[in-house]
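The primary structure of each chain is shown beneath.
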Amino acid sequence: MNTKIRYDLDSLELANGDFGYPITEKEVRKVNRMLELMENIRSRQMCPTEGDCVEFVSRSGDYFGKAHIERITGKYADICLIPETVFCFDDMGKAAYDTTGSPWTQVNIRDMKPAGTEIRIFRTWGFGKRSSTGSLRFDAPVRKWEYREPNPLYDGYTTRNWCRYHIMKHRDRERTGEYTFRSDSFTLYSRSELAAILKGRLYKGILPDSLVLWGYRMDIKEISREQWNGMGQHGQIRMKFMGYGPVRIHTDNKNHTVTVFRINDSI
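Residues numbered from 1 in each chain as written. Predicted model: local features only at pLDDT ≥ 70, side-chain atom pairs only at ≥ 80, totals over all residues. Heavy atoms only, no water.

Trainee: I keep staring at the environment of D209 and nothing clicks. Help me out?
Mentor: With respect to the helices, strands and loops of the structure, D209 is situated in the loop between β12 (201-204) and β13 (210-215). Apart from residues lying up to four places away in sequence, D209 is in contact with I167, M168 and K169. (Helix = DSSP H or I, 4+ residues; strand = E, 2+ residues; numbered from the N terminus. Contact = heavy atoms within 4.5 Å.)

Listed below in structure tokens is the structure:
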């Protein structure tokens, strides 16, 4: 890795405007020492290293774009999938980490693939009193890796580019062959409404009458009648959708979104 970052007193103060006491040259030396330790180990080895970043995809398609390698023991890495704060410290001449966040998992480093580099935010304690404003923020370059759990349940679909909806299919007791489709975020009242947002693929769920829909993210926007009239040919008009009507449905295939516009006469 060719990227090198070093701080002086001015740049460290600029990066830590909320620090709890005046930053001294002692803090500057500590931060630069941590950067030096990080760079040294990456200059000696090309394999995954503690402190590196991982694009992690679970078997069920969950995408974690900034997972953090906390510790490597032998060939296995302990990984925090959603790190909140990554603290680092000098552990006998080695950069070590103490990270808050969850969930955690363990991965064989031999199964990771190179995915470039990234500038990441780290923190380390200053030399004053421990407090919520007693840690120093600094940036450091790290390597980025890619890992996908084997035997995916939903082919290549992930939450990076698609939205996953868990749906229960409820049979209409009065109309043969008709169903209501309910998820945590919406209710659809017919197969044709389901088809309106089905831009990916539908899978059977684990429970009876459960489905997993990989589709576009759906946004519902309320607009005034004046805005509605000014939309011209924008979107597909449906007289009834999700219990509302009329609505305009605009599909953005590039960004994988379906926007449903509906009239609110109080606007």
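Trainee: How should I be thinking about a negative patch on the surface in this particular structure?
Mentor: A cluster of acidic residues, D8, D10, E13 and E25, forms a negative patch at the surface. As for its placement among the helices and strands, D8 is situated in the segment before α1 (9-15). Residue classification places D8 among the partly exposed positions, given a relative accessible area of 43%. (Patch = residues over 30% accessible without salt bridge, like charges linked within 9 Å, V, L, I, M, F, W, Y side chains within 5 Å. Areas by Shrake-Rupley, 256 points an atom, 1.4 Å probe, with all protein chains shown as cover. Salt bridge = Lys/Arg side-chain N within 4 Å of Asp/Glu carboxyl O. Lys, Arg positive; Asp, Glu negative; His and termini not counted. Charge placed at Lys NZ, Arg CZ, Asp CG, Glu CD. Buried < 20%, exposed > 50% of the residue type's maximum accessible area, 1.4 Å probe, protein only.)

Trainee: I tried to follow the sheet that holds β12 on my own but got confused; where do I start?
Mentor: The pairing of strands in a sheet happens through backbone hydrogen bonds and is either parallel or antiparallel. Read from one edge of the open sheet, 5 strands run β11-β10-β9-β13-β12, paired in antiparallel fashion. The sheet is open, and its two borders are formed by β11 (187-188) and β12, each paired with just one other strand. As judged from the 4 bridges shared by strand β9 (residues 163-171) and strand β10 (residues 179-182), these two strands associate in the antiparallel manner. Bridge pairing in β10 links R171 to Y179. (Pairing = 2+ DSSP bridges.)

Trainee: Honestly, helix α2 (residues 25-44) in this entry has me stumped. Any pointers?
Mentor: Helical periodicity: at 3.6 residues per turn, an α-helix aligns residues three or four positions apart in one direction. Here α2 contains 20 residues, and its C-alpha end-to-end distance of 29 Å stays within 8% of the 28 Å for a straight helix at 1.5 Å per residue. Of all the positions in α2, only E27, V28, V31, N32, M34, L35, L37, M38, E39 and R42 are classed as buried. Next to the buried residues of α2 lie α1, β4 (83-90), β5 (95-101), β7 (113-125) and β8 (135-148). (Expected span 1.5 Å × (residues − 1).)

Trainee: I'm lost on the side chain of N108 in this one. Help?
Mentor: By secondary structure assignment, the location of N108 is in strand β6 (residues 104-108). N108 sits in the buried class, given a relative accessible area of 14%. Here the side chain of N108 touches R110 through a polar contact of 2.9 Å, landing on its backbone nitrogen. Each residue touching N108, except ones within four places of it in the same chain, is listed here: K75 and Y76. (Polar contact = N/O pair within 3.5 Å; in protein donor to acceptor, adjacent residues only side chain to side chain.)

Trainee: Just to check I follow, could you spell out the sheet that holds strand β17 (residues 257-263) for this structure?
Mentor: Taken in spatial order, the 4 strands of this open sheet run β14-β17-β16-β15, and their pairing is mixed. Edge positions in the open sheet fall to β14 (217-223) and β15 (236-238), since each of these has one partner strand only. The average undirected angle you get between the axes of adjacent strands in this sheet is 25°. As judged from the 6 bridges shared by strand β16 (residues 247-252) and β17, these two strands associate in the antiparallel manner. If you follow T251 over to β17, its bridge partner there is V258. (Axes fitted to C-alpha atoms, helices over the stretch in contact; angles between N-to-C directions.)

Function-wise, these values are silent; they only describe arrangement.
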